[in-house]
Amino acid sequence: MDKQKLFQLLERVGTLLRAEERKSATTLNLHPAHLQVLRYLAQCNRYSDTPMAVSEYLGTTKGTTSQSLLVLQRQGYLRKKSDPKDRRVVHLELTPKGRALTRKLALLANKEKTLAGLATAELQVTQQVLERLLCDLQKANHHRTFGQCHTCRYLLTTHDKQLFRCGLTQELLRAEETLKICQDHAFPSSSRSLEIAAN
């Protein structure tokens, strides 16, 4: 097994994906970094839609993130709003124009055709391997996982899986919110399922 070859392949795939992203950005008169911000905001939860979380997810400086946010706000793709509980905290929200653009980005990238030649079983194995690789890379470099709530150790649920609560904030979550990514995500240390009372 040539591990170096594996990393070269991953790097090459990443390079080609970034090249496609540059093309998409150019057609929209935006920078690739702007598209990355929009994609992140389209999939993050209400606890992770802050400028700091964007910066950490993308691995960029606060200044770089701030510039991207200003451009996107100026062009009507997002808006800032103060947290109702803590006025010092700023949340970022996609506007209808921003949400429409994130849906359009998936079509521009044409990624579905790239995967068309792989069987379902191959896609599942590939996804599992890449998830494991990503997780190991994040651990090795002490990065947050930014995983989906439904895979988080802090998610509490009723036995019938009808109610969900974040164990960190103690706030109830809608079922669709458990599919969003969170900056405070942590993988379970065991397979033990956590439960909450149905109140």
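This section reports on the structure supplied with the text.

Counted by the stated rule, this structure contains 13 salt bridges. Between Arg-88 and Asp-86 there is a salt bridge whose closest N-O contact spans 3.0 Å. Taking the relative accessible area as the measure of exposure, Arg-88 reaches 74% and is therefore exposed. The network of salt bridges with shared partners includes Arg-46, Lys-85, Glu-171, Arg-174, Glu-176 and Glu-177.

Between helix α2 (residues 32-43) and helix α3 (residues 51-58), whose axes approach to 10 Å, the crossing angle comes to 115°. With respect to α3, the element α2 is oriented roughly perpendicular. The element α2 and its partner α3 pack so that their crossing is right-handed. Seen from α2, the contacting residues are Gln-36, Val-37, Tyr-40, Leu-41 and Gln-43; seen from α3, they are Ala-53, Val-54, Tyr-57 and Leu-58. Broken down by class, the residue content of the contact of α2 with α3 amounts to seven nonpolar, two polar and no charged.

What follows concerns the packing of aromatic side chains. All told, the structure shown has three aromatic pairs when counted by the stated rule. Look at Tyr-40 and Tyr-57: their rings are 4.6 Å apart centre to centre, the planes differ by 35°, and that puts the pair in the tilted class. Here the residue Tyr-40 occupies a position in helix α2, and Tyr-57 occupies one in helix α3, the gap between them amounting to 17 residues. In this structure Tyr-40 comes out as buried when scored by relative accessible area, which is 0%. The interplanar angle of 75° and the centroid separation of 5.0 Å between the aromatic rings of Tyr-57 and Phe-146 together place this pair among those described as edge-to-face. Of the two residues, Tyr-57 is situated in helix α3 and Phe-146 in the loop between α7 (120-140) and β3 (155-157); the sequence distance between them amounts to 89 residues. In this structure Phe-146 comes out as buried when scored by relative accessible area, which is 8%. Site record: aromatic cluster; members linked through ring pairs are Tyr-40, Tyr-57 and Phe-146. When the ring centre of Tyr-77 is taken as origin, the NZ or CZ atom of Lys-97, which lies over that ring, is 4.6 Å away.

Quick notes on the rules
- Throughout, residues of each chain are indexed from 1 in the direction in which the sequence is written.
- Owing to the predicted nature of the model, reporting of local features is limited to residues with pLDDT of at least 70; listing and counting of side-chain atom pairs is limited to 80 or more, with chain, interface and lining totals taken over all residues.
- To obtain the side-chain values, all non-hydrogen atoms of the structure were included, while hydrogens and water were left out.
- A side-chain nitrogen of Lys or Arg and a carboxyl oxygen of Asp or Glu constitute a salt bridge if their distance falls within 4 Å.
- Buried, partly exposed and exposed residues are distinguished by accessible area as a fraction of the type maximum, computed with a 1.4 Å probe on protein chains only: under 20%, between the cut-offs, and over 50%, respectively.
- The axes used here are C-alpha line fits, helices contributing only the stretch in contact, and every angle between their N-to-C directions lies in the interval 0 to 180 degrees.
- Secondary structure elements follow DSSP: runs of H or I of four or more residues count as helices, runs of E of two or more count as strands, with numbering from the N terminus.
- Geometric relationships in this document are graded by angle, where less than 35 degrees denotes roughly parallel, more than 145 denotes roughly antiparallel, 65 to 115 denotes roughly perpendicular, and other angles denote oblique.
- Each helix crossing is assigned a hand: it is left-handed if the near helix lies turned anticlockwise from the far helix by less than a right angle, otherwise right-handed if that turn is clockwise.
- Whether two residues are in contact is decided by their heavy atoms, any of which lying within 4.5 Å being enough.
- Each residue receives one of three labels: charged for Asp, Glu, Lys and Arg, nonpolar for Ala, Val, Leu, Ile, Met, Phe, Trp, Tyr, Cys and Pro, and polar for the others, Gly being one of them.
- Two rings from Phe, Tyr or Trp (for Trp, the six-membered ring) form a pair when their centres sit within 6.5 Å of each other. Planes less than 30 degrees apart are called stacked, planes more than 60 degrees apart edge-to-face, and all others tilted.
- We count a charge as sitting over a ring when the NZ of a lysine or the CZ of an arginine lies within 6 Å of the ring centre and within 35 degrees of the ring normal.

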